[in-house]
Amino acid sequence: MIQERRDCGGNGDGVACTARDEANRALLSVSRARLVAERLRLEANRAGNWFGGDLTDDDAALGHVKDKLASLDAIDQILARDGDRQLLLLDMSRERAQPASGGGKLGRADAVAVFVPGLSATVNESQKGYDNDMAQLQHRAELENKRANPSQHVTTATVTWIGYQAPQAGWDLIGENSVVDKHAAQTGAARLVPFLQGIGAARDHDAHLSLLGHSYGSTTAGLALQQKTGVDDVVFFGSPGVGTNHVDDLLVPKNHTYYIEARSDPVGDLGRFGIDPSHIDGIEHASAKESTVVDPMTGETRHFTEVTGHSSYLLDDSTSQYNMSVVVAGVPQRRVYDRGEGIGDVLSWPLPGTYS
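Residue positions are given per chain, counted from 1 along the sequence in the order it is written. Local features in a predicted model are, by the rule used here, given only for residues with pLDDT of at least 70; side-chain atom pairs are given and counted only at 80 or more, and totals for whole chains, interfaces and linings are based on all residues. Calculated side-chain values reflect all of the structure's heavy atoms, with hydrogen atoms and water omitted.

*Asks:* Would you explain empty space enclosed by the protein in this entry?
*Replies:* A 1.4 Å probe that fits but cannot get out identifies a cavity on a 1 Å grid over protein atoms alone, an open set with protein on both sides within 12 Å along at least five of seven lines counts as a pocket, and a residue lines either if it has an atom within 4 Å of a point. Grid points are joined across faces, edges and corners, and a volume is the space filled by probe spheres set on the points. By the definition in use, this model includes 2 cavities of 30 Å³ or more. Estimates place the volume of the largest cavity at around 40 Å³. The wall of the largest cavity is formed by Val 15, Cys 17, Arg 20, Leu 88, Phe 195, Gly 198, Ile 199 and Ala 202. Every helix listed is a DSSP run of H or I at least four residues long, and every strand listed is a run of E at least two residues long, numbered separately from the N terminus. Contributing elements (two or more residues each) for the lining of the largest cavity: α1 (17-47) and α4 (183-201). With 3 residues, α4 is the largest single contributor of residues to the lining of the largest cavity.

This is the structure we're talking about:
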């Protein structure tokens, strides 16, 4: 049943997506009213204190309250967008809001992709951009499945999961929530596992479930996958390590673990949480370079752009986004992989077929 804890509303993993969404939308209003009351109380305290909030914790507390109210505003804006938006997680009990929001018919879609972002991910600064990225990926995945299987109509849904306190750049470099420590990833993984399990448990038929992990989020995802989650495919990108040096530790079907590393991405070479994933035996590779693909069935030629550095893997019409879209669509045999070190690689796919 849906949990009744006031800070965690409709976060009962395994509960139907529509019920979770309804409960969490109700929690938005409850949380806003509570935070507004707390803001007014703190502002009154400051006004009645000769030194304002300088000699108390009121200034810091007021800042946290305002940040959380801004988070609720950002979530409201996401939910107001087109595309069957649903709020699957809303935890206001920590320093920063921890939501998971999705687009598409999550309870009925044939394919579901869950994205776990990493360093500096917050609702206020990141969630709306990630929601755009996932909406574009959802669209691309449906197109790629249609190209591979013209007679089928396969639907896709996507989720952005910020269900943990992702390390923050600048001031989160020491302590247990540091980006150089795996504590936050371990805590996040413990929350991500039941979330992923709940996607399958809430449905009356199985979906092709993909997990996408970027940066520190790839470490969180890798640790989660060391337990049974029901994930069919995983794509790590820009990873400082996936929590293991052995692909067999990841409980994903064999040959269904993929890695993308862009040129000039320093994080991909850190090997902080396991060796550089590029060097893990058994991981399948996909390109981030500029590419041209030719469909042997139609003769259509398409061009995709290169991404470089650490933060552009989800850029629309890029090779890296294309590669993620075919994995999410269940046709990873259509991915582009690097051939040598040149730019402008050309790939002709095998004949399209149903992927399982």
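Anyway, onward from the coordinates.
*Asks:* I would appreciate a short explanation of the packing of helix α2 (residues 58-79) against helix α3 (residues 123-148) in the present structure.
*Replies:* How two helices sit against one another is set out by the angle between their axes and by the gap between those axes. The convention used is that axes are lines fitted to C-alpha atoms, helices contributing only their stretch in contact, and that angles between N-to-C directions extend from 0 to 180 degrees. At a closest axis distance of 9 Å, the pairing of α2 and α3 adopts a crossing angle of 10 degrees. Relative to α3, α2 is oriented roughly parallel. Contact with α2, carried on its side by Asp 67, Ala 70, Ser 71, Ala 74, Ile 75, Gln 77 and Ile 78, involves Val 123, Asn 124, Gln 127, Lys 128 and Asp 131 of α3 and no other residues of that element. The labels follow the angle: roughly parallel below 35 degrees, roughly antiparallel above 145, roughly perpendicular from 65 to 115, and oblique for the rest. Residues count as neighbours in contact if any of their non-hydrogen atoms are within 4.5 Å of one another.

*Asks:* Teacher, can you tell me more about α4 here?
*Replies:* What sets the pattern is the α-helix's 3.6 residues per turn: residues three or four places apart point alike. Each residue after the first adds 1.5 Å to the expected span of a helix. Across its 19 residues, α4 extends 28 Å between first and last C-alpha, which sits within 8% of the 27 Å expected from 1.5 Å per residue. The classification of residues rests on relative accessible area computed with a 1.4 Å probe and restricted to protein chains. Under 20% of the type maximum is buried, over 50% is exposed, and intermediate values are partly exposed. Burial in α4 covers these residues: Ala 184, Ala 185, Gly 188, Ala 189, Leu 192, Val 193, Phe 195, Leu 196, Gly 198 and Ile 199.

*Asks:* So what exactly am I meant to see when it comes to the nonpolar core here?
*Replies:* If you look at soluble globular proteins, the nonpolar side chains tend to sit buried side by side. Here, nonpolar core refers to any group of buried Ala, Val, Leu, Ile, Met, Phe, Trp, Tyr and Cys residues whose side-chain atoms link them within 4.5 Å. Core analysis: the largest hydrophobic core is formed by 71 residues, its most contacted members being Val 112, Val 114, Trp 161, Leu 211, Leu 212, Phe 237 and Met 324. For this core, the element with the highest residue contribution is α4, accounting for 8 residues. Not counting the four nearest positions on each side in its chain, Val 114 is found in contact with Val 159, Trp 161, Phe 195, Leu 196, Ile 199, Leu 209, Ser 210, Leu 211 and Leu 212. In terms of nonpolar packing, the next biggest core, distinct from the first, is built from 16 residues, Leu 42, Leu 87, Met 92 and Val 123 among them.

*Asks:* How should the pairing of strand β9 (residues 291-294) be read in this particular structure?
*Replies:* Two faces belong to every sheet, and in a regular strand the side chains alternate between them. Any two strands with at least two DSSP bridges between them are considered paired. Pairing between β9 and strand β10 (residues 301-304): 4 bridges, direction antiparallel. Bridged to Val 293 within β10 is Arg 302. In this structure, the hairpin formed by β9 and β10 is closed by a connection of 6 residues, where Gly 299 is found at a positive phi of approximately 80 degrees.

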